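# Architecture at a glance
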Amino acid sequence: NGPEWWEWRDSLNADMFAAWDTYMPAIAETCRKISDVAGAEVPKHIPFVDFISRAAFDMFETVMYGSTSFTTNSKVASSEDIEFVKAAQSAFDITGALLSNPMEKVFEGDLYKKFVVNMDKTFS
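Below is a summary of the structure that appears in this document.

Calculation rules
Residues numbered from 1 in each chain as written. Predicted model: local features only at pLDDT ≥ 70, side-chain atom pairs only at ≥ 80, totals over all residues. Heavy atoms only, no water. Helix = DSSP H or I, 4+ residues; strand = E, 2+ residues; numbered from the N terminus. Expected span 1.5 Å × (residues − 1). Buried < 20%, exposed > 50% of the residue type's maximum accessible area, 1.4 Å probe, protein only. Contact = heavy atoms within 4.5 Å. Core = buried A, V, L, I, M, F, W, Y, C linked by side-chain atoms within 4.5 Å. Axes fitted to C-alpha atoms, helices over the stretch in contact; angles between N-to-C directions. Parallel < 35°, antiparallel > 145°, perpendicular 65-115°, else oblique. Lys, Arg positive; Asp, Glu negative; His and termini not counted. Salt bridge = Lys/Arg side-chain N within 4 Å of Asp/Glu carboxyl O. Polar contact = N/O pair within 3.5 Å; in protein donor to acceptor, adjacent residues only side chain to side chain.

### Some points on helix α5 (residues 79-100)
Note on helix geometry: an α-helix contains 3.6 residues per turn, so any two residues three or four positions apart are oriented the same way. The end-to-end C-alpha distance of α5 is 32 Å, a good match for the 32 Å that 22 residues give at a rise of 1.5 Å each. Within the span of α5, buried status applies to Ile82, Val85, Ala87, Ser90, Ala91, Ile94 and Leu98. On the buried face of α5, the contacting elements are α4 (48-65), α6 (102-106) and α7 (110-123).

### Quick notes on the nonpolar core
Formed by Ile34, Val37, Val42, Ile46, Phe51 and Ala55, the largest nonpolar core amounts to 6 residues. Of all elements in the fold, only α3 (20-41) and α4 reach the threshold of two or more residues within this core. What Ile46 contacts, discounting residues up to four positions off in sequence, is Glu41, Phe51, Arg54, Thr71 and Thr72. Grouped together as the second largest cluster of nonpolar side chains are 5 residues, Ala91, Ile94, Leu98 and Tyr112 included.

### Section: the environment of Ser90
Relative to the helices and strands, Ser90 is located in helix α5. Each C-alpha atom of the pair Ser90 and Ser100 lies 16 Å from the other, and the pair is 10 residues apart in sequence. Not counting chain neighbours up to four residues away, the residues in contact with Ser90 comprise Lys114 and Asn118.

### What about the packing of α4 against α5?
Direction vectors running N to C along α4 and α5 enclose 100 degrees, while the axes themselves pass 10 Å from each other. Comparing their axes, α5 and α4 come out roughly perpendicular. Two secondary-structure elements touch here, α4 through Ser53, Arg54 and Phe57 and α5 through Ile82, Phe84, Val85 and Gln89.

### Regarding the side chain of Asp58
Looking at where Asp58 falls in the secondary structure, it is placed in helix α4. Buried charged residue Asp58 carries no salt bridge. Nearest counter-charge: Arg54, at 7.8 Å. Here Thr72 takes part through its side chain, which lies 2.9 Å from a polar atom of the side chain of Asp58. Other than its neighbours up to four places away in sequence, Asp58 contacts Thr30, Ile34, Thr68, Phe70, Thr71 and Thr72.

Rendered as structure tokens:
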């Protein structure tokens, strides 16, 4: 998109690129650990689609908190962490639908209620 786009994009997330040296090694280590268990986990213990979602969560968690609960490793992941990932994913998926249909929230329709249930699981 060119230099102007890059300058604009960089100004929005200056910390993202400034802290590159701190979080990239952490993500790389998390990815290495995810890769180490992938063959044993998929598809025997975790369906591929769920594994990919959990991998994204593990990487996100690494950046945000400096560590991860390794939801991609069924030997160490807690049921609470797995439930959190499922609820967060569901809430995220529903968010798009709610943004395109604000009346669903206004009238507290079934989709909105499902969103609230899943969001509540991410805060408890």
